[in-house]
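Here are the chains, one letter per residue:
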Amino acid sequence: MTDNQPKLRLRDVRKAFGPKVVLDGIDLDVGVGESLVVIGGSGSGKSVTIKCILGLLEADTGSIHVDGEEVVGIASRDRERINRKFGMLFQSAALFDSLAVWENVSFGLLAEKKVNRDQAKEIAASKLAQVGLSKEVGEFFPAELSGGMQKRVALARAIAADPEIIFFDEPTTGLDPIMADVINDLIVKITREVGATALSITHDMVSARKIADRIAMIYEGRIIWSGPTAEIDRSGNEHVDQFIHGRAEGPIKMAVRA
Amino acid sequence: MKILQHIGRIFLAFLATVGRLAPFMGSAAVHCVRPPFYPRTVLRHMVEIGYYSLPVVGLTAIFAGMVLALQSYTGFARFSAEGAIANVVVLSITRELGPVLAGLMVAGRIGASLAAEIGTMRVTEQIDALTTLSTNPMKYLVAPRIIAGLVMFPFLVLVADVIGVYGGYLVAVYKLGFNPANYLQRTYEFLQAEDVNSGLVKAAVFGVIVTLMGCYHGYHSKGGAQGVGKATTNAVVSAPILILSFDYILTEMFFAR
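What you see is a predicted model, and the numbers here were worked out from it, not measured in a lab.

(A) Inspection of the overall build of chain B at higher detail. Within chain B, the secondary structure is distributed over nine helices and zero strands. N-terminal to C-terminal, the α/β element order of chain B is α-α-α-α-α-α-α-α-α. Projected onto its principal axes, the C-alpha coordinates of chain B cover approximately 65 × 55 × 35 Å. When the 257 residues of chain B are sorted by exposure, 46% land in the buried category. Put simply, 85% of the contacts in chain B that link residues at least 6 apart link residues at least 24 apart.

(B) Representation of helix α8 (residues 193-219) of chain B within the structure. Counted at 1.5 Å a residue, the expected span for α8(B) with its 27 residues is 39 Å, and the 38 Å between its end C-alpha atoms agrees. For α8(B), the tally of buried residues reaches 20 of 27 residues, placing the bulk of the element in the interior.

(C) Geometry of the packing of aromatic side chains. For the coordinates displayed, the defined rule picks out 11 aromatic pairs over all chains. Seen from their ring centres, Y51(B) and Y52(B) are 5.3 Å apart, and the 75 degrees between their planes marks the pair as edge-to-face. For Y51(B), a relative accessible area of 54% puts it in the exposed group. Look at Y169(B) and Y183(B): their rings are 5.9 Å apart centre to centre, the planes differ by 65 degrees, and that puts the pair in the edge-to-face class. Here Y169(B), found in helix α6 (residues 137-175), pairs with Y183(B), found in helix α7 (residues 180-190); they are 14 residues apart in sequence, far enough to count as distant. Of the two residues, Y169(B) and Y183(B), neither departs from the other in class, the shared state being buried. A connected cluster of aromatic rings, assembled from ring pairs, spans F96(A), F107(A), Y38(B) and Y140(B). The ring of F255(B) is capped by R95(B), whose NZ or CZ atom sits 3.9 Å from the centre of that ring. R122(B) extends its terminal NZ or CZ atom over the ring of Y219(B), reaching a point 4.7 Å from the ring centre.

(D) Structural detail: the side chain of R152(A). Residue and element names in this part refer to chain A. Within the secondary structure layout, R152 lies in helix α6 (residues 147-159). Buried within the structure, R152 lacks any salt-bridge partner; D176 is the closest side chain of opposite charge, at an N-O distance of 9.2 Å. In contact with R152, other than residues within four places in its own chain, are V131, G132, L133, M179, V182, I183 and L186.

(E) How the structure looks around a nonpolar patch on the surface. Taken together, the side chains of F11(B), L12(B), F14(B), L15(B) and V18(B) present a nonpolar region at the surface, about 510 Å² in accessible area. The class of F11(B) is partly exposed, set by a relative accessible area of 49%.

(F) Quick look at unusual backbone geometry. Cis peptide bonds are those with omega within 30 degrees of zero, and the linkage from P35(B) to P36(B) qualifies with 5 degrees. Tracing the backbone through its elements, the reader meets P36(B) in the loop between α1 (2-33) and α2 (39-49). Of note, D12(A) is a non-glycine position whose phi angle comes to about 50 degrees, a positive value. Position of D12(A) relative to the elements: it lies in strand β1 (residues 8-17). The phi angle at E220(A) is positive, at roughly 50 degrees, despite the residue not being glycine. Within the secondary structure layout, E220(A) lies in the loop between β9 (214-219) and β10 (222-228).

(G) Layout of the sheet that holds β1(A). Residues and elements named next belong to chain A. Strand order in this open sheet of four strands is β2-β1-β4-β5, and the pairing throughout is antiparallel. The sheet terminates laterally at β2 (20-30) and β5 (69-70), the two strands that pair on one side only. The sheet contact formed by β1 and strand β4 (residues 61-66) spans five bridges and is antiparallel. Across the sheet, residue R9 finds its bridge partner in β4, namely H65.

(H) Spatial organisation of the sheet that holds β9(A). Residues and elements named next belong to chain A. Pairing in this open sheet of six strands is mixed, and the strands run β6-β7-β8-β3-β9-β10 from one edge to the other. Pairing within the sheet leaves two strands with one partner each, and these edge strands are β6 (86-89) and β10. Ignoring strand direction, the axes of neighbouring strands in this sheet form an average angle of 15 degrees. As paired strands, strand β3 (residues 35-39) and strand β8 (residues 197-202) are joined by five bridges and run parallel to one another. Considered in β8, the bridge of S35 is made with A198. Against the sheet, helix α9 (residues 238-245) engages β3, β9 and β10, with an angle of about 105 degrees to β9.

(I) Examining the nonpolar core more closely. Among the nonpolar cores identified, the biggest contains 78 residues, and F167(A), L199(A) and V142(B) are the most heavily contacted of them. Ranked by residues supplied to this core, first place goes to α6(B) with 12 residues. Ignoring anything within four residues of it in the chain, the contact list for L199(A) reads L8(A), V30(A), L36(A), V38(A), I50(A), I53(A), I166(A), F167(A) and F168(A). Counting 51 residues, the second largest nonpolar core, distinct from the first, contains A120(A), V153(A), I187(A) and M217(A).

(J) The environment of Y38(B), seen in detail. Its place among the elements puts Y38(B) in the loop between α1 and α2. Overall, Y38(B) belongs to the buried group, its relative accessible area being 11%. Leave out the neighbours within four places in its chain, and Y38(B) touches A111(A), K113(A), T135(B), K139(B) and Y140(B).

Conventions we followed
- Residues numbered from 1 in each chain as written.
- Chains lettered and ligands numbered in written order.
- Predicted model: local features only at pLDDT ≥ 70, side-chain atom pairs only at ≥ 80, totals over all residues.
- Heavy atoms only, no water.
- Helix = DSSP H or I, 4+ residues; strand = E, 2+ residues; numbered from the N terminus.
- Buried < 20%, exposed > 50% of the residue type's maximum accessible area, 1.4 Å probe, protein only.
- Contact = heavy atoms within 4.5 Å.
- Expected span 1.5 Å × (residues − 1).
- Phe/Tyr/Trp six-rings, centres within 6.5 Å; stacked < 30°, edge-to-face > 60°.
- Lys NZ or Arg CZ within 6 Å of the ring centre and 35° of its normal.
- Lys, Arg positive; Asp, Glu negative; His and termini not counted.
- Salt bridge = Lys/Arg side-chain N within 4 Å of Asp/Glu carboxyl O.
- Patch = residues over 30% accessible without salt bridge, like charges linked within 9 Å, V, L, I, M, F, W, Y side chains within 5 Å.
- Areas by Shrake-Rupley, 256 points an atom, 1.4 Å probe, with all protein chains shown as cover.
- Pairing = 2+ DSSP bridges.
- Axes fitted to C-alpha atoms, helices over the stretch in contact; angles between N-to-C directions.
- Core = buried A, V, L, I, M, F, W, Y, C linked by side-chain atoms within 4.5 Å.

Here is the structure:
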């Protein structure tokens, strides 16, 4: 990997579901150690972009490079190797409800048989501490936790294997403003501690401003603007202005049915 | 004309399902034999499928054996062939009723539970989470359940065979007045290893069918709670149909000469 090579590089990534084109030529770079937030309305292609990078969906055409390695169309064994670099915080937390919290947190380590169960429990306790949860929480099951605690456990799981790249899918959706701010602070703190590259998607501008070094806006399956977080208010882009100020009037027309 | 269109659509949907099922089955088979394995998960499902199904299988088997003895008696008495009841009970139970009834009962219990569990994991992104944790969902979710089904169904059928024959014995001895020693002797004399073995082979096949259908429909569920419900229904309907179809095919293979 060369010094100026981005950690993630997407070029002309396209994805359609039947006649519906969701990604219409995405170009995106995320530098090493950078925190990029992709903003955009519902159905604009944010989640599909992340799913294509993670291999949960296969891009129809285009190129996705992780550390310079092409991942579109790679074999499943190589995909598993690539995914070891990733940590992912799902919008719904996606905790395994048949497993205790500590087993959720150290799931990746246990599944790969890198550690025994005692070691896994210790690692889980330390990761839970990083997200402000006590060791005792590890003995609970996900259904016994509040939404905010589940998000924190999911964050602990995302960082359990010290990933190089962490993805955050709508990290603050469904949380009250205070808990959302707690999660934002944790994301900033943890990505710095781990030294990871972060790619987040959100439509929460408070969250985006807090966790991003750089923001990119996706609209109708394309990146229409990207720049440093400080410059988003001076983007000069009508779509970006409308979105960040949450105005109904503007070039972005929402499909509203009576 | 509309009826033909409807039949055509059903046929195409059937072909599409078969087309999706074949690679799913292939992938599941590969993951059953290729490491890494998850023995703890396999064991958990063996207990769930085998141990917790014992009451329902046992009850079904004992009543099946009892009814069989009673029905055989009312029929055979017309030809003064009551002595053949022991043979009819033991052959029917081991060859046919043990595996089929156990298969059908467990298909309802386990097939529904597998489809609902995996379907919920699908719609709540837990299966996606597995992938991001470098864990192949086919290996972690599907393979252990199929292995557990393959191992535990023959065990359940063996139990059903014993209990079913005992049910027949109870009715024959305590209701119909048969001599216990004679009844057991006739049972033993007419029973051959092939009868039990064919039932166990059927059970193994039914075990794969039930777990495969539960996993397949759950894995491909979509659209939230409604999708999970549909997957559960599909699993519970498809498994018994396949069990009865394969029962005929296997019976042809074993006994048609």
